[in-house]
Amino acid sequence: MDLKFTSARKYVSISVPSKSQTMSPHIKSVDDVIVLGINLSKFNKPAQFFICVSGVFMFYLIYGYLQELIFSVEGFKPFGWYLTLVQFGFYSVFGLIELQLIQDKRRRIPGKTYMIIAFLTVGTMGLSNTSLGYLNYPTQVIFKCCKLIPVMVGGVFIQGKRYNIADVSAALCMSLGLIWFTLADSTVAPNFNLTGVVLISLALCADAVIGNVQEKAMKLHNGSNSEMVLYSYSIGFLYILLGLTCTSGLSPAVAFCSQHPIQTYGYAFLFSLTGYFGISFVLALIKIFGALLAVTVTTGRKAMTIVLSFLFFAKPFTFQYVWSGLLVVLGIFLNVYSKNMDKIKLPSLHGIWKKNVEERKTRTLSQTV
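Residues numbered from 1 in each chain as written. Predicted model: local features only at pLDDT ≥ 70, side-chain atom pairs only at ≥ 80, totals over all residues. Heavy atoms only, no water.

Notes on the side chain of T84
Link 1 in the chain: By the secondary structure assignment, T84 is in helix α3 (residues 80-100).
Link 2 in the chain: Owing to a relative accessible area of 0%, T84 belongs among the buried residues under this scheme.
Link 3 in the chain: With near-sequence residues (within four places) excluded, T84 lies in contact with M125, G126, N129 and I240. (Helix = DSSP H or I, 4+ residues; strand = E, 2+ residues; numbered from the N terminus. Buried < 20%, exposed > 50% of the residue type's maximum accessible area, 1.4 Å probe, protein only. Contact = heavy atoms within 4.5 Å.)

Re the environment of N335
Link 1 in the chain: Checked against the element boundaries, N335 lands in helix α13 (residues 320-339).
Link 2 in the chain: Under the relative-accessibility criterion, N335 is labelled buried at 14%.
Link 3 in the chain: For N335 and D167, which are 168 residues apart along the polypeptide, the C-alpha to C-alpha distance reads 5.5 Å.

Quick word on empty space enclosed by the protein
To locate leftover empty space, one rolls a probe as large as a water molecule over the atoms.
Link 1 in the chain: Considering all chains together, one arrives at 1 cavity of 30 Å³ or more under this definition.
Link 2 in the chain: Put simply, the largest cavity is a space of about 50 Å³.
Link 3 in the chain: Lining of the largest cavity is provided by I70, F76, Y82, L83, V86, C257, T264, Y265 and A268.
Link 4 in the chain: If you list the elements that add at least two residues to the lining of the largest cavity, you get α3 and α11 (261-289). (1 Å grid on protein atoms, 1.4 Å probe; cavity = no way out; pocket = protein on both sides within 12 Å on 5 of 7 lines; lining within 4 Å. Points joined across faces, edges and corners; volume = space filled by probe spheres on them.)

Quick word on unusual backbone geometry
Link 1 in the chain: Positive phi values are uncommon outside glycine, yet S248 reaches one of about 60°.
Link 2 in the chain: Here S248 falls in the exposed class, since its relative accessible area comes to 55%.

What about a nonpolar patch on the surface?
Link 1 in the chain: Together, W180, F319, V322, W323 and L326 make up a nonpolar patch on the protein surface, roughly 510 Å² of accessible area in all.
Link 2 in the chain: Among the elements that make up the nonpolar patch, the one with the highest residue count is α13 (3 residues).
Link 3 in the chain: Within the secondary structure layout, L326 lies in helix α13. (Patch = residues over 30% accessible without salt bridge, like charges linked within 9 Å, V, L, I, M, F, W, Y side chains within 5 Å. Areas by Shrake-Rupley, 256 points an atom, 1.4 Å probe, with all protein chains shown as cover. Salt bridge = Lys/Arg side-chain N within 4 Å of Asp/Glu carboxyl O.)

Here we look at the nonpolar core
Link 1 in the chain: Judged by nonpolar contacts, the single largest core of 65 residues is most densely connected at F76, Y82, L83, Y91 and C146.
Link 2 in the chain: Here this core takes 10 residues from helix α2 (residues 45-71), the largest share from any one element.
Link 3 in the chain: Once you skip the residues sitting within four places of it in the chain, L83 turns out to touch I70, F71, F76, N129, A268 and F271. (Core = buried A, V, L, I, M, F, W, Y, C linked by side-chain atoms within 4.5 Å.)

Looking at helix α5 (residues 137-144)
It helps to recall that an α-helix has 3.6 residues per turn; residues three or four apart then point in one direction.
Link 1 in the chain: Burial analysis of α5 places 7 of its 8 residues in the buried class, the great majority of the element.
Link 2 in the chain: Those residues of α5 that fall on the buried side of the exposure criterion are Y137, P138, T139, Q140, V141, I142 and F143.

A few points about the packing of α3 against α11
Link 1 in the chain: For the pair α3 and α11, interaxial distance at closest approach is 9 Å and the crossing angle is 50°. Put simply, α3 runs oblique to α11. Along this stretch, α3 crosses α11, giving a crossing that reads as right-handed. For the pair α3 and α11, the contacting residues are Y82, L83, V86, Q87, F90, Y91, F94, G95 and E98 in the first and Y265, A268, F269, F271, S272, L273, G275 and Y276 in the second.
Link 2 in the chain: Split into classes, the residues belonging to the contact of α3 with α11 amount to 12 nonpolar, 4 polar and 1 charged. (Axes fitted to C-alpha atoms, helices over the stretch in contact; angles between N-to-C directions. Parallel < 35°, antiparallel > 145°, perpendicular 65-115°, else oblique. Left-handed = near helix turned anticlockwise from the far one by under 90°. Nonpolar A, V, L, I, M, F, W, Y, C, P; charged D, E, K, R; others polar.)

So, in structure tokens, the structure goes:
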């Protein structure tokens, strides 16, 4: 906005920049939502919802299937960190390609911030992938549904937050569901190992922190998604490469994958590609319809992933998985409800009782008449 003052006449000339000048170079239009080259803004709301949900389910179901398929290759389970290295490499390439397609290619977020984000990303994805060497895939998915627990614990001890009864009930349901599911897994799964529980729990803690750090950095410095992906995953790639080299874990992994290139590198490419596409549709779903609907859709996707895991991969089954899983779903619903109490109006017990009394009175009067 330009302000011009003159001494001859006392007036102010105000020139307002055009809409194209005021917008960030990272987006084409204020209302445009573009996913994989598709401008969703051209479709109506039902079509947008159908496209986003279809994309989330299709790509993430393939992603989960390929992840479990890779770890089903005999002898691959010790190489979870190498899979993460390959995944980070592919994500870096995808981010670089996407960054070339936008107008502004400058790095906006400081390098120190990216080093922290990369470290947390390595923790959440590397530990999550490695945990599959010790846990059944459904158990890992159930744990990943319960990110609320470390978020609440950190909020209480670090920020001194207080939570309402719905949040506390959600955390309690998730905790009981996790304990029940883990006990069921330890009873029926022959390869159950407590190390997997520790790894996925640490991954959850890192995941609980990384979302807040990423959101703050992107809002503060106006960074784009493609920039975030490129720098966080490329720096993370260097972290993992250094770690594997120092621990002598790189050579055995390379030798094994060279003997099974299709089952390792081929699946890892598709695994990384579907994960990259899936997160694009999740972000679009959040932007168009909000976090409430996005959480509902992703929770349904995780439930279907668990079902498909039991259908496609032979593993022992017990109905304790079902009951404990439903307890976790109840916890997720309570968490969503606590954040959207103004949008979700649940009938109270007093209201239900009062309504029943009024209905009985109405029936009595009708019978009397």
